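# Tertiary structure, described
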Amino acid sequence: MSAYDRLFHPRGIAVIGASADLTRISGQPIKALKAAGYKGGLYLVNPKYASLHDLPCFPTATAIGKPCDLAVVAVPAASVPEAIRDCGKAGIGFAVVLTAGFREVGKGGEAIEAALKLAVEESGVRVIGPNCQGMVALHDRVWACFGSISEETALRPGAVSCVFQSGGFGYAIVNLAEAQGVGFRHCVSSGNETDLTTPELLSAFLNDPGTHLAFAVIEGTPDARRLMEAGLKGLRLGKPVLVWKTATTEAGAKA
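My aim in this report is to walk through the structure given alongside it, one point at a time. As the structure is a prediction and not an experimental result, all values here were calculated from the model.

The helix and strand tally for the protein stands at eight helices and 13 strands. Computed over its C-alpha atoms, the radius of gyration of the protein comes to 17 Å, within 12% of the 18 Å expected for a compact globule of 255 residues. The principal-axis extents of the C-alpha atoms in the protein amount to approximately 50 × 40 × 35 Å. Taken over 255 residues, the protein has a buried fraction of 52%. Carbon and sulfur atoms make up 56% of the accessible area of the protein, which amounts to about 11,300 Å² in all. Seen as two clouds, the 24 positive and the 23 negative side-chain charges of the protein have centres 3 Å apart.

Put into C-alpha cells, the structure is as follows:
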C-alpha cells in the first residue's frame, strides 16, 4: 500500500467549511463530487448547519466518526491551522487547502502560513496547497477542486499524472490535452507548497502502477536536487518525466 493511497483513493472526503451556496469555493467541490459520481463517503463540516444538500452537516471533522481520508479545506486563512489540527484528531491523513491569503499576500499571510506549517508538523496531516485550485483523481471520481475544472467531470481517465504550481494554467493544459485524446489519472494544483512539493508528488506518481507518464508545470523549486532525483527515478522505472518550466521570459516572470 502506497503512502499516498489515502490521497488518491480516499474512502471518504470531508468538505471543511461547506457552503449552502454551490457556486462558492466552499460549495463547488460538493457539486463536483456529486456530479463526478464519487462513491465514497461525502461529509460536510460546518457548525452553522445541521444538514446541507441532502447530507448531514457535522460541527467538526472529529464528529464525523466514519472512515475519512481526505479533507477539502475552504475556511478563512486564519482558521486553516485549527482545521488541519481537527483533521489530525479525526484521523484524516490528507488535506487540500483551497484557501488563499497566505504568504502570497505579504507579511500577515506569512505569519498564518507559518502557523499552518506548524499545524502540519503537529497533526501529521499532509497538505496540498494552500492557495491552490485543488486535485482530481479521475479513476476514483475525486473532484476535490474549484473553478472551471470542477465543471469538467466528464474528463476521460488515462495514464498521465500531473502537478502544476499554477492551477489555472495547469488545468487549461489538461483540457487542451484531453481534447486531443490524452487521458489523465491524477492532477494536482500544488499552490504554495507549504507541505507537499512538486518533486514529492512526481515521485508519488512514479510509484503508482497506473501512471505511465508524470508531468509537471513549474515556476521554480527550492529543492532542485529532489527534482533531479524524480527524473532519475523515472529513467529507472521506464516512465517519462516531462517538466514544463514557466516564467522564463521577462513577461512570464512578472506574471
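Moving on, we come to helix 4 (residues 107-123). With 17 residues, helix 4 ought to run about 24 Å at 1.5 Å a step, and its terminal C-alpha atoms sit 24 Å apart, in line with that. For helix 4, the full list of buried residues reads Gly109, Glu113, Leu116, Ala119 and Val120. All buried residues of helix 4 fall inside an arc of 115° around its axis, so they share one side. The exposed set on the far side of helix 4, more than 90 degrees from its buried face, consists of Lys107, Glu121 and Glu122. Of the surrounding secondary structure, the elements contacted by the buried residues of helix 4 are helix 3 (80-90) and strand 7 (126-128). Phi turns positive, to about 80°, at Gly124, one or two residues after helix 4.

Attention now moves to the state of the cysteines. Per the stated rule, a full pass over the model turns up zero disulfides. Just so you know, Cys57 is unpaired, no disulfide at all, and the nearest cysteine sulfur is the one on Cys68, 13 Å from it. The cysteine Cys132 is free of any disulfide, with Cys145 supplying the nearest cysteine sulfur at 9.8 Å. Of the residues examined, Cys132 reaches a relative accessible area of 3% and is grouped as buried.

Quick look at the sheet that holds strand 5 (residues 70-73) now. Strand order in the open sheet formed by seven strands is 3-4-2-1-5-6-7, and the pairing between neighbours is mixed. Two strands bound the open sheet, and with one partner strand each, they are strand 3 (51-52) and strand 7. With five bridges connecting them, strand 1 (residues 12-16) and strand 2 (residues 41-45) associate as parallel partners. Bridged to Ala14 within strand 2 is Tyr43. The strands touched by helix 2 (residues 28-36) are strand 1, strand 2, strand 4 (55-58) and strand 5; relative to strand 2, the strand with the most contacts, the crossing angle is about 165°. Along the sheet, helix 3 contacts strand 1, strand 5, strand 6 (94-97) and strand 7; its crossing angle with strand 5, the most-contacted strand, is approximately 165°.

Our next topic: the nonpolar core. Residues Leu44, Leu70 and Met135 are the most contacted members of the largest nonpolar core, which totals 39 residues. Considering each element in turn, this core owes the most residues, five residues, to helix 6 (residues 198-207). In this structure, Tyr43, Ala77, Cys87 and Ala95 belong to the second largest nonpolar core, which totals 25 residues.

Quick look at the packing of aromatic side chains now. Taken as a whole and assessed by the stated rule, the structure comprises five aromatic pairs. With 6.3 Å between their ring centres and 70° between their planes, Tyr43 and Phe58 make a pair best called edge-to-face. One end of the pair, Tyr43, is in strand 2; the other, Phe58, is in strand 4, with 15 residues separating them in the sequence. The exposure class of Tyr43 is buried, given its relative accessible area of 11%.

With that settled, consider the pattern of salt bridges. Throughout the structure, instances matching the rule amount to nine salt bridges. A salt bridge links Arg156 to Glu178, with the shortest nitrogen-to-oxygen separation between them at 3.0 Å. Taken as a pair, Arg156 in the loop between strand 9 (142-145) and strand 10 (157-164) and Glu178 in helix 5 (residues 167-179) lie far apart in primary sequence, 22 residues in all. You can call Arg156 partly exposed: its relative accessible area is 37%. Ionic contacts of the salt-bridge type, sharing partners, join the residues Arg6, Arg11 and Asp69 into one network.

On to the pairing of strand 12 (residues 213-218), then. The element strand 12 is largely enclosed, with a buried count of five among its six residues. Note that strand 10 and strand 12 share five bridges and pair parallel. What sits directly across from Cys162, in strand 12, is Phe215. The pairing of strand 12 with strand 13 (residues 241-245) spans five bridges and is classified as parallel.

Conventions and cut-offs
- Residues numbered from 1 in each chain as written.
- Predicted model: local features only at pLDDT ≥ 70, side-chain atom pairs only at ≥ 80, totals over all residues.
- Heavy atoms only, no water.
- Helix = DSSP H or I, 4+ residues; strand = E, 2+ residues; numbered from the N terminus.
- Rg over C-alpha atoms; globule rule 2.2 N^0.38 Å.
- Buried < 20%, exposed > 50% of the residue type's maximum accessible area, 1.4 Å probe, protein only.
- Areas by Shrake-Rupley, 256 points an atom, 1.4 Å probe, with all protein chains shown as cover.
- Lys, Arg positive; Asp, Glu negative; His and termini not counted.
- Charge placed at Lys NZ, Arg CZ, Asp CG, Glu CD.
- Expected span 1.5 Å × (residues − 1).
- Arc of directions from axis to C-beta.
- Contact = heavy atoms within 4.5 Å.
- Disulfide = S-S within 2.5 Å.
- Pairing = 2+ DSSP bridges.
- Axes fitted to C-alpha atoms, helices over the stretch in contact; angles between N-to-C directions.
- Core = buried A, V, L, I, M, F, W, Y, C linked by side-chain atoms within 4.5 Å.
- Phe/Tyr/Trp six-rings, centres within 6.5 Å; stacked < 30°, edge-to-face > 60°.
- Salt bridge = Lys/Arg side-chain N within 4 Å of Asp/Glu carboxyl O.

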